[in-house]
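Descriptive structure summary
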Amino acid sequence: MKDHIASRSIYYLIAFIFAVISIYPILLMIYSSFKTNAEIFKDPLSIPKTFSLEPYQKLLDQIPFFTFFWNSVFVSAVSVIFILLFGSLAAFYIARYTFWWNNYLFFFFLIGMMIPIKLGIVPLFMLMKDLSLINSLWSLVFIYTATGIPLSILILTGFFRTMPKELEEAARIDGATDIKVFWHVLLPIMRPALGTVMIINFIQSWNDFFFPLVFITNEMKKTIPVGMLSLFGEYSADWGALFAGLTLSSLPMIVLFFIASKQFMEGLTAGAVK
């Protein structure tokens, strides 16, 4: 019994150490956002003596932060909605309908995870130019949707295959069509997998720097990662305003994770449990 308690104590201690290592950079970012540049350079790791909102005021004065924020929200939210919609429909088809081409179709989607999308940046740029989507947020939405669907199909197809078919058969006996079975019976059960897909793709599109840099040049259509570049001067940077921007931009991801963390954890372990 004592050995068991000792081993559990060691596990908790290790978990606590990893939690501190993971949380400390976030706390450092938050309380650095209340410091002036002088305080940051003088003692970067200390807690501010006085919490000043001056960095936040400088942030709003230097860049149209809330415009960048709205652009990031629009791109990330619409991309996630499209990924959940099209990914779940494709996964339902692959998992529940047996045709000879299903495995090939599944492999076709998985190829999207194997080939780096950035290798095709030149034809992608030409395609967006032909579609008149340069300097349009929809160009980012379409790219993030295309890059997010392969992973979502991988996760959702595996989850669909673990679900008992008796649920669908009972619904069909009651007269439900395939769409009703999918929407009213299966999707409510798939919240853990959908939560996993949602969090992964939202964070990926929210933090992306490369594609907004390539496809967006209009200042008022930039997302947060690209828009905050203007805080860096040629020889110096306003670190207080930068940390303030990072703190504000991280809030949606933190809130989203706290809201969907239960589904996220269940989605990651669903295959092992079932």
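Below is a short write-up of the structure. (Residues numbered from 1 in each chain as written. Predicted model: local features only at pLDDT ≥ 70, side-chain atom pairs only at ≥ 80, totals over all residues. Heavy atoms only, no water.)

Focus on the packing of aromatic side chains
How two aromatic rings sit relative to each other is set out by the distance from centre to centre and by the angle between their planes. The following threshold applies: Centre distance within 6.5 Å is the pairing criterion for rings of Phe, Tyr and Trp, where only the six-membered ring of Trp is used; planes under 30 degrees apart are then read as stacked, over 60 as edge-to-face, and the remainder as tilted. Comment: elements are numbered from the N terminus, with helices defined as DSSP H or I runs of at least four residues and strands as E runs of at least two. Throughout, exposure labels follow a simple rule: accessible area from a 1.4 Å probe, protein chains only, divided by the maximum for the residue type, with under 20% read as buried, over 50% as exposed, and the rest as partly exposed.
This structure, assessed with the given rule, holds 16 aromatic pairs. For the ring pair Trp138 and Phe142, a centre distance of 5.9 Å and an interplane angle of 35 degrees mean the geometry is tilted. Here Trp138 pairs with Phe142, and both are found in helix H7 (residues 137-162), just 4 residues apart, close to one helical turn. According to the relative accessible area criterion, Phe142 is partly exposed, its value standing at 41%. Ring centres of Phe211 and Phe215 lie 6.2 Å apart, and the angle between their planes is 10 degrees; this geometry places the pair in the stacked category. With Phe211 and Phe215 both in helix H11 (residues 210-215) and 4 residues apart, this pair spans about one turn of that helix.

So, a nonpolar patch on the surface
Quick reminder of the rule: Patches here: salt-bridge-free residues with over 30% relative accessible area, like charges joined within 9 Å, nonpolar side chains (Val, Leu, Ile, Met, Phe, Trp, Tyr) joined within 5 Å. Accessible surface is estimated by sampling points in the Shrake-Rupley manner with a 1.4 Å probe; for residues, cover comes only from the protein chains shown. Here, a salt bridge means any side-chain nitrogen of Lys or Arg that lies within 4 Å of a carboxyl oxygen of Asp or Glu.
A cluster of nonpolar side chains, namely Leu13, Phe16, Ile17, Val20, Ile21, Tyr24 and Leu45, defines an oily patch on the protein surface of about 700 Å² accessible area. Topologically, Leu13 is positioned in helix H1 (residues 2-32). On the basis of relative accessibility, which here comes to 51%, the residue Leu13 falls in the exposed class.

Some details on helix H5 (residues 102-114)
Operational definition: To estimate how far a helix should reach, multiply one less than its number of residues by 1.5 Å. This arc is taken over the directions from the axis of the helix to the C-beta atoms.
Between its first and last C-alpha, H5 extends 19 Å over 13 residues, near the 18 Å set by a 1.5 Å rise per residue. When H5 is considered as a whole, its buried residues turn out to be Asn102, Phe106 and Leu110. Down the axis, H5 shows its buried residues gathered within 60 degrees of arc, on one side only. In H5, the exposed positions that point more than 90 degrees away from the buried face belong to Tyr104, Phe108 and Met114.

Quick word on the nonpolar core
Note the following rule: Buried Ala, Val, Leu, Ile, Met, Phe, Trp, Tyr and Cys residues that are joined via side-chain atoms within 4.5 Å together make up what is termed a nonpolar core. Should any heavy atoms of two residues lie within 4.5 Å, those residues are considered in contact.
Core analysis: the largest hydrophobic core is formed by 23 residues, its most contacted members being Ile153, Leu156, Phe160, Met163, Leu186 and Met190. When contributions to this core are tallied by element, the ones reaching two or more residues are helix H4 (65-96), H5, H7, helix H9 (178-189) and helix H10 (191-207). Considering each element in turn, this core owes the most residues, 6 residues, to H4. Apart from residues no more than four positions distant in its own chain, Ile153 is found in contact with Gly87, Ala90, Ala91, Ile94, Phe106 and Phe109. In this structure, Ile63, Phe65, Leu242 and Leu256 belong to the second largest nonpolar core, which totals 18 residues.

Section: unusual backbone geometry
Of note, the phi angle at Ser132 is positive, near 60 degrees, even though the residue is not glycine. Topologically, Ser132 is positioned in the loop between helix H6 (121-130) and H7. Classification of Ser132 as exposed rests on a relative accessible area of 61%. Positioned with a positive phi, Asn135 is a non-glycine residue whose angle comes to about 65 degrees. Along the chain, the position of Asn135 falls in the loop between H6 and H7.

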